[in-house]
Structure formats: structure tokens, C-alpha cells
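Residues per chain are reported as follows:
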Amino acid sequence: MSSFDPTSIWALGAAALIGYLLGSIPFGLVLTKAAGLGDIRSIGSGNIGATNVLRTGNKGLALATLLLDGGKGAAAVLIAGIFDPTLAVLAGGGAMLGHIFPVWLGFKGGKGVATALGTLLAVMWPVGVLCCLIWLGMALLFRMSSLASLTSIAAAPVLGWALSTVPVFGMVRTDLLRAALALFIAVLVFIRHDGNIRRLLRGEEPKIGQKKPAQG
């Protein structure tokens, strides 16, 4: 009986697929429907993430969505990481793709911020913690979820690269593959926030808790 080879095409493909399937679970949609609030895609931005769930007025559901969306990214990384660090990175990337492009919802999913932070916390915790702190600081300062999200996620590849060359916090330094994952995550998140970026530039982006402006 041959031993398990984490570098085989089957192992790599399985890690990405498992990550994708975990990431594609639309917790925001499931929770709001279960709570009798209807289809979250029919209100606000139409997004299935925690920010749009908050627009229902149910803070508990929004928090649950945030934690579960982050948790599925972390779970994908941790499960695959049992076998090999490279598989953990692939699973994290798969989870991001699953959340943003879920097959169950016609490949129209969320914007990936909570899943990104959960993935980063699991794959390289110093970067994940710093990104969460940046998000919190920006959210408290400007009261705009999208601005906080874009700023924190933009910092991830920079921090990932820095930690791949300079050990900090007494941790084993992160490798460039994990930094590449952070860059991949940042690209996906920025692509999904194209509308938010345009509204930010026009000064029209709603603040946390406010309804999204009606489309012209």
C-alpha cells in the first residue's frame, strides 16, 4: 500500500475542492431564511455577507454570519493543514473561490472579507490578527465597512511578504506561498468591491448600519 503523497495532483485537487465546498456554504442566506427574514439577496446590496445581513436589523444573525463565514475559511485551512502546509494554502484559496463563486447560487456569492480574515487567521495568524485590528480601527474611525475591508485586506500581502523574511512574535516565519495566498485573496476581494470603490471615490458609500442608496 503506497503512502499518502501530499504533492500528488489528486491531493492538491482534493484540497482545493474541499476548500471550495466549505467556502460555498451561504451562511448569510441560510440563517436569514431560517429566521423567517426571506431572501437576503432581495434587500440592500443583495450580498449574502454579514454587512448586508446587518441591514435586516438583526445584529445576532449578522454576527453569526460573520463568524461562520470566517470559520469556514479557517476550517478549510486547518483540515487540509493536517496533511500538508501546501494543501492548507490551496484549501484556503478554494474556500475564497467557493464563497465568492458558489455553484449553488449560480456563482454569485459574497464579497469574501469574513472568509478572507478567517483564512488568514488560520494560515498565518500574525497577519490575520493584524488585518482584523486594521479592519476594526478603520471601521471605528470611518464607519464604512467597505473601506475597512479594503484597507485591511490590502495590507495582507504586504504583511505576509514581510513575515516571510523577518520572523516576529517568536513564530516560525511564514513562507512565500502563504504570502502569495494573501495576494490572491486581496485581488479577489478588490474585484468584488468594484462598486464600493466607485462609491467611495464619489463619496456616496453608506456607513455601517445604513441602507445602501437606491440605484439610479
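In short, a report on the structure. Numbers given for residues are sequential positions, taken from 1 along each chain in its written order. Where totals are concerned, whole chains, interfaces and linings use all residues; where local detail is concerned, this predicted model gives features only for residues with pLDDT of at least 70, and gives and counts side-chain atom pairs only at 80 or more. Only hydrogens and water are removed before side-chain values are computed, so all heavy atoms of the structure are retained for them.

For this analysis, a nonpolar core means a set of buried residues of the types Ala, Val, Leu, Ile, Met, Phe, Trp, Tyr and Cys, connected via side-chain atoms within 4.5 Å. Note on exposure labels: buried denotes an accessible area under 20% of the residue type's maximum, exposed denotes more than 50%, and partly exposed covers the range between, all computed with a 1.4 Å probe on protein chains only. In this structure, Met-96, Leu-120, Val-127, Ile-153, Ile-185 and Val-189 are the most contacted members of the largest nonpolar core, which totals 22 residues. Where this core is concerned, the elements lending two or more residues are α5 (85-100), α6 (113-123), α7 (125-142), α8 (145-165) and α9 (176-192). Runs of H or I in DSSP of at least four residues are treated as helices and runs of E of at least two as strands, each being numbered from the N terminus. Broken down by element, this core gets its largest block of residues, 6 residues, from α9. By definition, residues are in contact when any of their heavy atoms lie within 4.5 Å. For Ile-185, the contacting residues outside a window of four places in its chain are Met-96, Ala-116, Thr-119, Leu-120 and Ile-153.

A few words on unusual backbone geometry. With a phi angle near 65 degrees, Phe-107 is a residue other than glycine that sits in the positive phi range. Within the secondary structure, Phe-107 sits in the loop between α5 and α6. Here Phe-107 falls in the partly exposed class, since its relative accessible area comes to 49%. Positioned with a positive phi, Arg-143 is a non-glycine residue whose angle comes to about 60 degrees. For Arg-143, the location among the structural elements is in the loop between α7 and α8. The class of Arg-143 is partly exposed, set by a relative accessible area of 40%.

A few words now on the packing of α6 against α9. Two elements in contact, α6 and α9, have axes whose closest approach is 11 Å; the angle formed by their N-to-C orientations is 175 degrees. The angle between the axes of α6 and α9 places the two elements in the roughly antiparallel class. Mapping the contact onto sequence places Val-113, Ala-116, Thr-119, Leu-120 and Val-123 in α6 and Arg-178, Leu-181, Ala-182, Ile-185 and Val-189 in α9. Of the residues belonging to the contact of α6 with α9, the class tally is 8 nonpolar, 1 polar and 1 charged. Geometry is summarised by axes, namely lines fitted to C-alpha atoms with helices restricted to the contacting stretch, and by angles between N-to-C directions that run from 0 to 180 degrees. Angle categories: roughly parallel below 35 degrees, roughly antiparallel above 145, roughly perpendicular from 65 to 115, and oblique for all the rest. Each residue gets one label: Ala, Val, Leu, Ile, Met, Phe, Trp, Tyr, Cys and Pro are nonpolar, Asp, Glu, Lys and Arg are charged, and the others, such as Gly, are polar.

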